[in-house]
Each structure stands twice: as structure tokens, then as C-alpha cells.
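# Reading the structure
Spelled out from the first residue to the last, the chains are:
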Amino acid sequence: VQLQAYGGGLVQAGGSLRLSCVTSGRTFSTYVMGWFRQAPGKEREFVAAISGSGGSTYYADSVKGRFTISRDGAKNTVYLQMNSLKSEDTAVYYCAADRATLVTIKERLYDYWGQGTLVTVSS
């Protein structure tokens, strides 16, 4: 399974970006998908996750109400819509896939990782 994340860039505070993560393989619909991020000098942290069916979503408190995770099975793609961006959202964002059924926010349980895409929010 290969994951390719893209959509990062430079945006002003208060602006929006949508990240996409395209996944190869025929079992995309069975994977839990997650987004994580790593800010400069900090450890990687959980951002959002979505179940295989798309029926369950989870968010870090820091992004709740501003970010939305979704998935399109026909395109093997998971999205992260980011609104009302803040300077503290600046980070490299990674998508990840988990073969398990239950959604998890634990980084170590994800099996596959994309290469990351940089989001820079200017204040």
C-alpha cells in the first residue's frame, strides 16, 4: 500500500486548505485512515481519523470544529479540509492507513504512511 499526500502550501491565518491523500491498493475501503502532523521541534501528533465506512470520525481537540476529514472510495482518497487556520497549525502533515477495523488515534498502530506535505500558516 502506498500513500501520496499533497495539497500543502502557504496560507494566511484564517484561511483554508484542503489536503488530499491518494492510496493505492484495492482494499482502501477497509482501512482506517488518519492524518497526523509534526511541527518544527515537536513530536508528531494525531489530527483526525475516519473509519473505513466513513461513518465515524475523530479529531484532536485542537482542530475540532475547524478541520473535517472525509473519504471518497471511488477515488481511493482521504481529505482533510482545514478552515480557520492558525499559525500553530504550521506543520508537516502525514496521512496514514491502519488495517484494523477500530479507529485509533495511536500513531504506532498505523501500518502505512505517506511522505508528508508541508502546511505553513503565516500570521
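Relevant structure appears above.
Below is a summary of the structure that appears in this document.

## Some thoughts on the overall build of the protein chain
Secondary structure assignment for the protein chain yields zero helices and eleven strands. The linear arrangement of helices and strands in the protein chain, starting from the amino end, is β-β-β-β-β-β-β-β-β-β-β. Computed over C-alpha atoms, the radius of gyration of the protein chain comes to 13 Å, within 12% of the 14 Å expected from 2.2 N^0.38 for 123 residues, which places it in the range of a compact globule. By principal-axis analysis of the C-alpha atoms, the protein chain measures approximately 40 × 25 × 25 Å. Buried residues in the protein chain amount to 44% of all 123 residues. Counted over contacts in the protein chain with a minimum sequence separation of 6, partners at least 24 positions apart contribute 57%. Here the protein chain displays about 6400 Å² of accessible surface, and carbon together with sulfur accounts for 47% of that area. Taking the average place of the 13 positive charges on the side chains of the protein chain and the average place of its 9 negative ones, the gap between the two points comes to 4 Å.

## Some points on the sheet that holds strand 8 (residues 77-82)
A sheet is described by the order of its strands in space; here four strands give the open sequence 1-3-8-7, paired in antiparallel fashion. Both edges of this open sheet fall to strand 1 (3-6) and strand 7 (67-72), since each of them pairs with a single strand only. The mean inter-strand angle of the sheet, taken between neighbouring strand axes irrespective of direction, is 15°. In the sheet, strand 7 pairs with strand 8 via six bridges, with the strands oriented antiparallel. When the sheet's bridge partners are listed, Ile69 is paired in strand 8 with Leu80.

## With respect to the nonpolar core
One finds Met33, Trp35, Val47, Phe67, Leu80, Met82 and Tyr93 to be the most contacted residues of the largest nonpolar core, which totals 34 residues. Among residues more than four places away in sequence, those in contact with Met82 are Gly15, Ser16, Leu17, Leu19, Arg66, Phe67, Tyr93 and Val119.

## Things to note about the pattern of salt bridges
For the structure shown, the criterion picks out six salt bridges. Note that Asp89 is salt-bridged to Arg66, the shortest N-O span being 2.7 Å. Of this pair, Asp89 sits in the loop between strand 8 and strand 9 (91-98) while Arg66 sits in the loop between strand 6 (57-59) and strand 7, placing them 23 residues apart in sequence. Exposure remark for Arg66: the relative accessible area of 10% places this residue in the buried category. Bridged by salt links that share partners, the residues Arg37, Glu45, Arg66 and Asp89 form one connected network.

## Describing the pairing of strand 9
Burial analysis of strand 9 places seven of its eight residues in the buried class, which makes it a mostly covered element. Note: strand 4 (residues 32-38) against strand 9, seven bridges, orientation antiparallel. Of the residues in strand 9, the one forming a bridge with Arg37 is Tyr93. Where strand 9 lies against strand 11 (residues 117-122), three bridges are found, and the strand directions are antiparallel. Within the sheet, the bridge partner assigned to Val92 lies in strand 11 and is Leu118. Bridging between strand 9 and strand 10 (residues 112-113) involves two bridges; their strand directions are antiparallel. Paired with Ala96 across the strands is Trp113, a residue of strand 10.

About the thresholds
- Residues numbered from 1 in each chain as written.
- Predicted model: local features only at pLDDT ≥ 70, side-chain atom pairs only at ≥ 80, totals over all residues.
- Heavy atoms only, no water.
- Helix = DSSP H or I, 4+ residues; strand = E, 2+ residues; numbered from the N terminus.
- Rg over C-alpha atoms; globule rule 2.2 N^0.38 Å.
- Buried < 20%, exposed > 50% of the residue type's maximum accessible area, 1.4 Å probe, protein only.
- Contact = heavy atoms within 4.5 Å.
- Areas by Shrake-Rupley, 256 points an atom, 1.4 Å probe, with all protein chains shown as cover.
- Lys, Arg positive; Asp, Glu negative; His and termini not counted.
- Charge placed at Lys NZ, Arg CZ, Asp CG, Glu CD.
- Pairing = 2+ DSSP bridges.
- Axes fitted to C-alpha atoms, helices over the stretch in contact; angles between N-to-C directions.
- Core = buried A, V, L, I, M, F, W, Y, C linked by side-chain atoms within 4.5 Å.
- Salt bridge = Lys/Arg side-chain N within 4 Å of Asp/Glu carboxyl O.

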